[in-house]
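# Fold and geometry: a report
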Amino acid sequence: MTIFKTLSTQQIQLIDQIVHHHHFATGDFLYQEGDPTTALTIVASGQAKAFQTTVAGKEHLLYLLQAGDIDGEAALFSDDKHYSVSAQALTPTAVCSIERREFQNLLLKYPPINLQVLKALGHKLLGVETRATKANTASVADRLVDYLIETAASLDTNQFQLPLKQKDLATFIGTTPETVSRLPARLAKAGAISRPKTNQIKIIDADKLLLE
């Protein structure tokens with residue numbers, strides 16, 4: 001876990017004693033709207049979607065949780081917080097969690113972790129800002145490419161089934177389902193990806209993909 005990378009081997013071994021490991025199958029909820037935030041969560045692998053449910057019962061996709069992302073940081077600062085969104089695994093997803101009290105004790109015992117936590121939170125905020133900027137300035141193709149590369153890194157493979165449904169992916173990158181269905185064909189024609197099966201992507205040339 002990157003927020004602990006500055007600690008010694010002995011300190012990391014101590015942290016391992018308070019870390020809880022969880023594995024979620026595709027479709028399982030990491031948490032649901034209204035659940036109490038009692039722990040800091042770090043995504044080890046996989047991908048999950050965070051969304052809110054509208055009054056009409058429809059899902060409103062907000063953001064994705066990928067490998068290396070932290071979540072539930074509100075648990076660090078308050079004893080009375082609840083999730084305002086739900087998170088559901090899009091692929092088999094592994095997460096590590098540390099309960100609030102144990103993590104707060106950890107921050108007091110090992111001050112270097114404080115800086116790593118701030119860096120992680122800053123990285124998360126920067127990611128939100130970057131996505132907001134790209135939503136207004138980057139092309140739809142660029143946003144799709146970013147998603148494909150981030151997904152490959154999160155799943156640690158260059159060949160994967162698209163975790164998001166076509167309509168959700170369209171919402172995520174700010175376009176229409178029809179455009180989402182056309183763009184992979186263009187990327188495949190350029191030799192950047194191939195499509196072994198329906199909704200499956202294989203990244204052949206990441207550098208070429210970034211240039212598309």
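Summary of the structure given here. None of the values given here were measured: they were computed from a predicted structure. (Residues numbered from 1 in each chain as written. Predicted model: local features only at pLDDT ≥ 70, side-chain atom pairs only at ≥ 80, totals over all residues. Heavy atoms only, no water.)

## Looking at the overall build of the chain
Of the regular secondary structure elements, the chain holds seven helices and eleven strands. Here the chain holds 212 residues, and the buried ones make up 40% of them. Counting only contacts in the chain whose residues sit at least 6 apart along the sequence, the fraction spanning at least 24 positions is 69%. Approximately 11,800 Å² of the chain is accessible, and the part contributed by carbon and sulfur atoms is 54%. (Helix = DSSP H or I, 4+ residues; strand = E, 2+ residues; numbered from the N terminus. Buried < 20%, exposed > 50% of the residue type's maximum accessible area, 1.4 Å probe, protein only. Contact = heavy atoms within 4.5 Å. Areas by Shrake-Rupley, 256 points an atom, 1.4 Å probe, with all protein chains shown as cover.)

## A few points about the sheet that holds strand β1 (residues 20-24)
Pairing is antiparallel in the open sheet, where four strands are placed in the order β1-β8-β3-β6. Across the chains shown, the open sheet's two edge strands, defined by having one partner strand only, are β1 and β6 (70-71). One ladder, built from two bridges, connects strand β3 (residues 39-45) with β6; its direction is antiparallel. Bridge pairing in β6 links Thr41 to Asp71. (Pairing = 2+ DSSP bridges.)

## Overview of the side chain of Ser86
Among the structural elements, Ser86 can be located in strand β7 (residues 86-89). Classification of Ser86 by relative accessible area gives buried; the value is 5%. There is a polar contact of 2.8 Å between the side chain of Ser86 and the backbone nitrogen of Glu33. (Polar contact = N/O pair within 3.5 Å; in protein donor to acceptor, adjacent residues only side chain to side chain.)

## Notes on the packing of helix α4 (residues 140-155) against helix α5 (residues 166-173)
Running from amino to carboxyl end, α4 crosses α5 at an angle of 115 degrees, the nearest separation of the two axes being 10 Å. It follows from the interaxial angle that α4 and α5 lie roughly perpendicular. Here α4 and α5 pass one another in a crossing that is right-handed. Contacts between α4 and α5 involve Val140, Arg143, Leu144 and Tyr147 from the former and Leu169, Phe172 and Ile173 from the latter. Of the residues assigned to the contact of α4 with α5, the class counts are six nonpolar, no polar and one charged. (Axes fitted to C-alpha atoms, helices over the stretch in contact; angles between N-to-C directions. Parallel < 35°, antiparallel > 145°, perpendicular 65-115°, else oblique. Left-handed = near helix turned anticlockwise from the far one by under 90°. Nonpolar A, V, L, I, M, F, W, Y, C, P; charged D, E, K, R; others polar.)

## Details of the packing of aromatic side chains
Overall, the coordinates contain three aromatic pairs when judged by the stated rule. Seen in terms of ring centroids, Tyr31 and Tyr83 are 3.6 Å apart; in terms of plane orientation they differ by 5 degrees. Their pairing is stacked. Residue Tyr31 is found in strand β2 (residues 29-31), and its partner Tyr83 is found in the loop between β6 and β7; the two are separated by 52 residues along the sequence. Look at Tyr147 and Phe172: their rings are 5.9 Å apart centre to centre, the planes differ by 65 degrees, and that puts the pair in the edge-to-face class. Placement of the pair is Tyr147 in helix α4 and Phe172 in helix α5, with a sequence separation of 25 residues. (Phe/Tyr/Trp six-rings, centres within 6.5 Å; stacked < 30°, edge-to-face > 60°.)

## Re the sheet that holds β7
One open sheet holds the four strands; their spatial order is β2-β7-β4-β5, and the pairing between them is antiparallel. What marks the edges here is a single partner per strand, and that holds for β2 and β5 (59-66). Strand-to-strand twist across the sheet, computed as the mean angle between neighbouring axes with direction ignored, equals 30 degrees. Where β2 and β7 come together, two bridges link them in antiparallel fashion. In the sheet register, Phe29 faces β7, and the bridge partner there is Gln88.

## What about α5?
Within α5 the residues assigned to the buried category are Asp168, Leu169, Ala170 and Ile173. Contact partners of the buried residues in α5: β4 (47-53), β5, α4 and α6 (177-189). Count one or two residues on from α5 and you reach Gly174, which has phi positive near 75 degrees.

## Things to note about the environment of Val85
Mapping Val85 onto the fold places it in the loop between β6 and β7. We classify Val85 as buried; its relative accessible area is 7%.

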